[in-house]
Amino acid sequence: MPATPQPLQAGDFYYTPEGYLVFTEQYHLRRGTCCGSGCRHCPWKTRAQRPANSSSSTK
């Protein structure tokens, strides 16, 4: 069953400099499920899906 669309609230999204609308983690959590589209702020990403530069290693 698809998730019910939620009305947008303050803090749910922002626009990139290129003009793309990006949903925030706040919106995704309220939505309640992962859509499987690989969203930038998806709170359900596994560690393997996160960008490689997010690891903290020291030299």
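See above for the structure.
In this report, the structure presented in the accompanying data block is examined. The structure presented is a predicted model; accordingly, all values stated were derived computationally and were not measured.

The rules behind these values
Residues numbered from 1 in each chain as written. Predicted model: local features only at pLDDT ≥ 70, side-chain atom pairs only at ≥ 80, totals over all residues. Heavy atoms only, no water. Helix = DSSP H or I, 4+ residues; strand = E, 2+ residues; numbered from the N terminus. Contact = heavy atoms within 4.5 Å. Phe/Tyr/Trp six-rings, centres within 6.5 Å; stacked < 30°, edge-to-face > 60°. Buried < 20%, exposed > 50% of the residue type's maximum accessible area, 1.4 Å probe, protein only. Salt bridge = Lys/Arg side-chain N within 4 Å of Asp/Glu carboxyl O.

## Overview of the environment of Gln 26
Phase 1: Here Gln 26 shows up in helix H1 (residues 25–31).
Phase 2: When the C-alpha atoms of Gln 26 and Ala 10 are compared, they prove to be 9.7 Å apart, with 16 residues separating the residues in sequence.
Phase 3: Those residues in contact with Gln 26 that sit more than four places away from it in its chain are Ala 10, Gly 11 and Asp 12.

## Re the packing of aromatic side chains
A ring pair, where both rings are aromatic, is described by two values, the distance of the centres and the angle of the planes.
Phase 1: Going through the model one piece at a time under the given rule, you end up with two aromatic pairs.
Phase 2: Between Phe 13 and Tyr 15, the ring centres sit 5.6 Å apart and the planes meet at 85 degrees, which makes this aromatic pair edge-to-face.
Phase 3: Residue classification places Tyr 15 among the exposed residues on the basis of a relative accessible area of 54%.
Phase 4: Ring centres of Phe 23 and Tyr 27 lie 4.5 Å apart, and the angle between their planes is 20 degrees; this geometry places the pair in the stacked category.
Phase 5: For Tyr 27, a relative accessible area of 9% translates into the label buried.

## Overview of the environment of Cys 42
Phase 1: By the element assignment, Cys 42 lies in the segment after H1.
Phase 2: Relative accessible area serves as the criterion here: at 10%, Cys 42 is assigned to the buried category.
Phase 3: If we skip the residues at most four places from it in the chain, Cys 42 touches His 28 and Cys 34.

## Let's talk about the pattern of salt bridges
Phase 1: Enumeration over the complete set of coordinates arrives at one salt bridge.
Phase 2: Across the pair Arg 30 and Asp 12 runs a salt bridge whose closest N-O atoms are separated by 2.7 Å. One end of the pair, Arg 30, is in helix H1; the other, Asp 12, is in the segment before strand S1 (13–15), and 18 residues separate them in sequence.

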